[in-house]
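Observations on the three-dimensional arrangement
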Amino acid sequence: MISSIGFAQEIQVSGTVTGNEDNMPLPGVSVIISGTARGTSTDFDGNYTLKANQGDVLEFSFVGFKSASVTVGSSSTIDVVLETDVAALDEVVVVGYGTQKKADLTGSIATVKAEEIEKTPAANVMQSMQGKVAGVQIVSAGTPGDSPTVRIRGLGTFGSGTNVLYVVDGMFYDNIDFLNSKDIESINVLKDASSSAIYGVRAANGVVLITTKTGRKNSKPVFEYDGYSGVQFAQNVVQMANAEQFVTMAYESGSEADIQFVLNAMQRFGRSRVNPNVPNVNTDWYDEIMREGLISNHSISASGGGENVAYSVGANYLSQEGILDMKNEYERFNIRTKVDVDLSDRFKIGSNLVFSNATKYLPENSAWFKAYFAVPILPVYDFQNTDATPTPFANARAIGYRSSQNPFPDLRYNNNRQKIRKVQTNFYVQTEIIPEKLTFKTVYNANLAAIEQRNVNLPFNIGYGDQRISSISRSDNTYFNQIWDNTLTYEDNFGDHNITLLGGASFRDEAYNGLSGSGGDIRGIQLESSWYLDFSDPDPETRTVSENGRRYYGMSYFARAAYNYKGKYLLYGTIRADGSSKFTQDPWGYFPSVGAGWVISEEGFMQNNGIFDFLKLRAAWGKLGNDNVAPSSGANTTSEVIIAAGNDPLSGVTATSTFTNNTWEVVEEKNFGLNMITLNNRLSIDADYYIRDTHDAIMPVYIPIANVTLQRNSGQIRNSGLELVLNWNESVNEDFSYSIGANFTTLKNETISIEDSRGYIDSGSAEFRQRTMEGEPILAFFGYERIGVYQNQAQIDADPTAQAAIDAGQNIQPGDLIYRDQNGDGQITDEDRVVLGSFLPKFTYGGNIGVNYKNWGFSASFYGQSGNKILNRKRGEIIFTNDTNMDADLAKNRWHGEGTSNEYPSSAGLRKSWNQRLSDFWIEDGDFFRIQNIQLSYTIKGSKLLNGKFPETRLTLTADRPFTFFKYNGFDPEVPNGVDRQTYPIPAVYTVGINVKI
């Protein structure tokens, strides 16, 4: 008993921390008692002092050096020598079914740490990655609860097959909206085929590996609270033409109907006191339909471990309001557990469970479209509209317009709710067959998602024949995916030779079932308890029910070998055989890869060179299969037919070609890279050049004889580019350190070949055409190139293309657009259409800066892109209706007399089919530069307050996406597919946060 008491006594420990290369003292080294928030840091001479118990573990950490752990014994003096960590090259990086040292990588893998992810207040983890990884384009989503669009190294396929693969603790996902940022330890992005090939199926568009946090053995429990609250604002709100501008354009249009509508508005709503020629109404519809949205996030967690157990548990609650003024919000509750247990020296088991329960109220996105077109001379409410119930909303029909235009009935009488419940779990058993050499691991992963959607259209009447009876649609969709992986790993070294071998098999089962129904005229519609199909009209013509489902199986075998000699010469190879039930005719695909690296800085002639601290060249090649595409629909079939020839029957055979015998899309990629660290480990440079070809891309091919379009393997698409990453880190003294980083990416997207009788594939609508052609980007915008605006009649008379148009019945006048005659035949026809650009950016870039001074921290990041185009379809849809409003940019810059504009048509011209055809007038630049995130923090060191009993606390102020600079005439140039029709704006977010560790 006396011995135990003596062991538990607190003693004062002191010592000096030095570096291993020059034996110089290290100021500012963090010294923490493991499992607690108690600690200190070394002074200018590398000295430290703190109180600890015998048996406590002291953790020493410092930027640029490897961390060290020392157990406190009977001695009160503990001196420590930290080894140089060359940019953490000994850091272990998670790769497919295992880990590798960063220095040994031959492929292109980027890592983002937890502290970087946590800076962004977002419901989806991937939003936090924007601008942080070269070669990864992330297009933000403004709708609460929606996931951003993620593209790794361009776009190589059509349809849903463009999704990246998310692997969370070994389980495959298409969406990670169930994850909380605070639960993540690190994210690794496998960008090239060599790195991703071990996953084979579904890895063709890149892989995002996510490792969640775990506890540490032999450590005391650490409790943590992390939370923030803030507000979201719409930024860069599109300015619409005001009442005076709108009336001016209406008179300029020459439309008697439009002029009469203005007079009707003045008669109904009165005349403006400022300008009596304008109605006494000036509605800013965007301002009316938007609001500020609140956002908050709260997480609690506990982690720790005993001699044989490590655990981490946590819970999270997130709430986000939308900026659209309606029932539009997202709420999510998560529970997470992760446990690892050593049953013996050789046996280990573990489990990971995440339960997510979310409720999402979807926006009525048509409101964005209606707000763009609604005329400013119409108020939100019209109390003269006595037929409007239950709210007297204004109706543009009252003053003569063809539609109601008012978006508020859609906002107020719509309730579209999703309940999203997800359970993700895995269990593993691991045993060392040969200690520290041969390990067997079996892992079972299961993912259950249930999405229940209820969309209720409430009844309303806004007069003039615009009324709606109630209706409801409901759907229940269930997804269940399971994967069983078995791997055998052998690690050994023979002198200077180091080798790791992996072999494994994987079985996957993906099932989906969907049941949906709809009905109308709901009894007791004002009560939510009546929002079920049972309360709808029982007439079978109005009440419908349908069901659909699918199930796919896959079996895979894979192997990998990693070898290095003296840490200088690196070889890496994988092979994976994938079988998929989607491809009935040819179910198996074989996908190899190989990588090689040369660490030049380890060569004798590079020792003590004074320039390179680390220098590695690497190259890799690999193939990937993509089965996340349209499955086979069958094979060529024949049918026996009998016809009459005179009085005699004749038999024969007919064949059909309207089938698909689809097989794997195959991505073949070459990657050449360089990793360099210089200037005394302060500057790191990573560069990659890649060529990524998608063979047998499944495209919508037109079959002229049958007049149908089929999804078939029918083309090759190439993405190529350069990625460059630079990072500078320096600790000036114990109080001050800073870091600067930047990344830059180029992308060239090109269609190499198309197997289509027409030589191209059309997408989009006939009015807003996108076309995929050989030698051009996939889904490129396709239309006419304008070269100016006719300024006077003499210019029209001198232009043969204008005269040809007049002869064809076009009324060409000054103020109309001039198009380029591409083929020189003297007329403007379909043959003069050309590619007008791609929605894929040619350049993306990002950067960051971080400064730490004593307890203060400051960080800022930026992001931008260039070379992409956006189809401003909301502006272009004036082709379908001419009696609506238009944006202020059009109103201010329209042609209204000779010399006033050489880019924009006149008010009258906007109403002509000649100017309404798809041209680069409707296609705009999508370039932008954004201040992505700014954060200021202050940390209260618990060890220095109240004898160390005060918890370590960190306070933060964050501005996310506060400033975006661009020229595009929209809320934001981030449009996932490049077509802006009713895109939800991406808000700026301002939050206050606190983190407490006990």
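Residues numbered from 1 in each chain as written. Predicted model: local features only at pLDDT ≥ 70, side-chain atom pairs only at ≥ 80, totals over all residues. Heavy atoms only, no water.

What follows is about the overall build of the chain. Tallying secondary structure elements over the chain gives 13 helices and 53 strands in all. Dimensions of the chain, computed from C-alpha atoms along their principal axes, come out at roughly 100 × 85 × 65 Å. Looking at the 998 residues of the chain, the share that counts as buried comes to 52%. Once local pairs closer than 6 in sequence are excluded, the contacts in the chain between residues at least 24 apart make up 70%. A total of about 42,900 Å² of accessible surface is found on the chain, and carbon and sulfur atoms cover 53% of it. (Helix = DSSP H or I, 4+ residues; strand = E, 2+ residues; numbered from the N terminus. Buried < 20%, exposed > 50% of the residue type's maximum accessible area, 1.4 Å probe, protein only. Contact = heavy atoms within 4.5 Å. Areas by Shrake-Rupley, 256 points an atom, 1.4 Å probe, with all protein chains shown as cover.)

Attention now moves to the packing of helix α4 (residues 243-253) against helix α5 (residues 256-269). Running from N to C, α4 and α5 cross one another at 145°; their axes reach a closest spacing of 8 Å. Note that α4 runs across α5; the crossing there is left-handed. Note on element contacts: α5 touches α4 through Asp258, Ile259, Val262 and Leu263, opposite Val247, Ala250, Tyr251 and Ser253. Partitioned by chemical class, the residues of the contact of α4 with α5 number 6 nonpolar, 1 polar and 1 charged. (Axes fitted to C-alpha atoms, helices over the stretch in contact; angles between N-to-C directions. Left-handed = near helix turned anticlockwise from the far one by under 90°. Nonpolar A, V, L, I, M, F, W, Y, C, P; charged D, E, K, R; others polar.)

Turning our attention to a nonpolar patch on the surface. A grouping of Ile740, Ile849, Tyr853, Trp856, Phe858, Leu936, Leu957 and Val992 is seen on the molecular surface, where their side chains present a nonpolar patch of about 750 Å² in accessible area. Among the secondary structure elements, Phe858 is positioned in strand β48 (residues 856-866). (Patch = residues over 30% accessible without salt bridge, like charges linked within 9 Å, V, L, I, M, F, W, Y side chains within 5 Å. Salt bridge = Lys/Arg side-chain N within 4 Å of Asp/Glu carboxyl O.)

This brings us to the packing of aromatic side chains. By the definition in use, this model includes 36 aromatic pairs. Their ring planes at 50° and their centres at 4.5 Å tell us that Phe261 and Tyr401 sit as a pair that is tilted. A residue pair is termed long-range when its members are at least 10 positions apart, and Phe261 in helix α5 and Tyr401 in the loop between α7 (366-373) and α8 (408-412) qualify at 140 residues. By relative accessible area, Tyr401 is classed as buried at 4%. Geometrically, the ring pair formed by Tyr784 and Tyr819 is tilted, given 5.6 Å between the ring centres and 50° between the ring planes. Placement of Tyr784 in the loop between β43 (780-783) and β44 (786-789) and of Tyr819 in strand β45 (residues 817-819) is noted, with a sequence separation of 35 residues between them. Taking the relative accessible area as the measure of exposure, Tyr819 reaches 2% and is therefore buried. An aromatic cluster is present here, built from Trp285, Tyr381, Phe383, Phe393, Phe408, Tyr413 and Phe460 joined pairwise through their rings. (Phe/Tyr/Trp six-rings, centres within 6.5 Å; stacked < 30°, edge-to-face > 60°.)

With that out of the way, let us pick up α7. For α7, the tally of buried residues reaches 7 of 8 residues, placing the bulk of the element in the interior. Those residues of α7 not exposed but buried are Ser366, Ala367, Trp368, Phe369, Ala371, Tyr372 and Phe373. Buried positions along α7 lie against α6 (285-289), α8 and α11 (873-876).

Across the sheet, 4 strands lie side by side as β41-β42-β43-β46; this open sheet has antiparallel pairing. Strand pairing shows two members of the sheet lacking a second neighbour, β41 (760-764) and β46 (834-837), which therefore form its edges. Averaged over all neighbouring strand pairs, the angle between strand axes comes to 45°, with direction disregarded. Relative to β43, strand β42 (residues 769-773) is paired through 2 bridges, and the arrangement is antiparallel. Paired with Gln770 across the bridge in β43 is Phe781. (Pairing = 2+ DSSP bridges.)

Along the chain, Asn447 falls in strand β23 (residues 438-457). The residues contacting Asn447, other than those within four sequence positions of it, are Met171, Phe172, Tyr173, Val423, Gln424, Tyr479, Phe480 and Asn481. Looking at Asn447, its side chain comes within polar contact range of the side chain of Gln424, at 3.3 Å. (Polar contact = N/O pair within 3.5 Å; in protein donor to acceptor, adjacent residues only side chain to side chain.)

Tallied over the entire structure, the rule returns 53 salt bridges. When the shortest N-O distance is used, the salt bridge between Lys217 and Asp342 registers 2.2 Å. Here Lys217, found in the loop between β16 (207-212) and β17 (219-233), pairs with Asp342, found in strand β20 (residues 329-342); they are 125 residues apart in sequence, far enough to count as distant. Assessed through its relative accessible area of 30%, Lys217 is described here as partly exposed. Of the residues examined, Asp342 reaches a relative accessible area of 21% and is grouped as partly exposed. Between Glu924 and Arg875 there is a salt bridge, and its shortest N-O distance comes to 3.8 Å. Note that Glu924 is positioned in strand β50 (residues 923-925) and Arg875 in helix α11, a separation of 49 residues in sequence. Across the pair, Arg875 and Glu924 agree in class, each one buried.

Residue Pro390 is reached from Thr389 by a cis peptide bond, and omega for that bond is 0°. Counting through the fold element by element, Pro390 comes out in the loop between α7 and α8. Even without a glycine there, the phi angle at Tyr464 is positive, about 55°. Here Tyr464 shows up in the loop between β24 (460-461) and β25 (467-468). Given a relative accessible area of 42%, Tyr464 falls into the partly exposed group.

This part takes up the confidence of the model for the chain. Low pLDDT marks stretches whose predicted atomic positions should not be read closely. In this model, the chain carries a mean pLDDT of 90, and residues with pLDDT of at least 70 account for 93%. A low-confidence stretch, residues 1-8 stays under pLDDT 50, and its non-local contacts, those more than four residues away or across chains, total 4 contacts. (pLDDT = per-residue confidence, 0-100.)

Right, let's talk about the environment of Phe355 for a bit. By the element assignment, Phe355 lies in strand β21 (residues 347-361). Between the C-alpha atoms of Phe355 and Ile879, which are 524 residues apart in sequence, the distance is 49 Å. Not counting residues up to four positions away in its chain, the partners in contact with Phe355 are Phe333, Asn334, Ile335, Lys422 and Val423.

A few words now on the nonpolar core. Counting 50 residues, the largest nonpolar core has Tyr286, Ile289, Leu324, Trp368, Ile377 and Tyr401 as its most contacted members. Breaking this core down by element, the ones donating at least two residues are α4, α5, α6, α7 and α8. With 6 residues, the top contributor of residues to this core is α7. With sequence-adjacent residues up to four places away left out, Ile289 is seen in contact with Ile323, Leu324, Asp325, Ala367, Trp368, Ala371, Pro407, Phe408 and Leu411. With 47 residues, the next largest nonpolar core counts Val136, Met171, Ala193 and Val208 among its residues. (Core = buried A, V, L, I, M, F, W, Y, C linked by side-chain atoms within 4.5 Å.)

Relative to the assigned elements, Asn749 resides in strand β40 (residues 748-754). Measuring from C-alpha to C-alpha, the distance between Asn749 and Gly227 comes to 41 Å, with 522 residues separating the pair along the chain. At a separation of 2.8 Å, a polar atom in the side chain of Asn749 contacts the main-chain carbonyl oxygen of Leu155.

Here we come to α5. Compared with an ideal rise of 1.5 Å per residue, which puts 14 residues at 20 Å, α5 spans 20 Å between its outermost C-alpha atoms and is within 8% of the ideal. Listed in full, the buried residues belonging to α5 are Asp258, Phe261, Val262, Ala265, Met266, Arg268 and Phe269. Elements that come into contact with the buried residues of α5 comprise α4. Following α5 by one or two positions, Gly270 adopts a phi angle in the positive range, close to 90°. (Expected span 1.5 Å × (residues − 1).)

Time to look at the sheet that holds strand β2 (residues 30-33). One open sheet holds the 4 strands; their spatial order is β3-β2-β5-β6, and the pairing between them is antiparallel. Looking along the sheet, the strands with just one partner apiece sit at the ends: β3 (39-41) and β6 (68-71). Across the sheet, the mean angle separating the axes of adjacent strands is 20° when strand polarity is ignored. Looking at chain direction, strand β5 (residues 57-61) and β6 are connected through 4 bridges and run antiparallel. Within β6, the position partnered with Glu59 by the bridge is Ser69.

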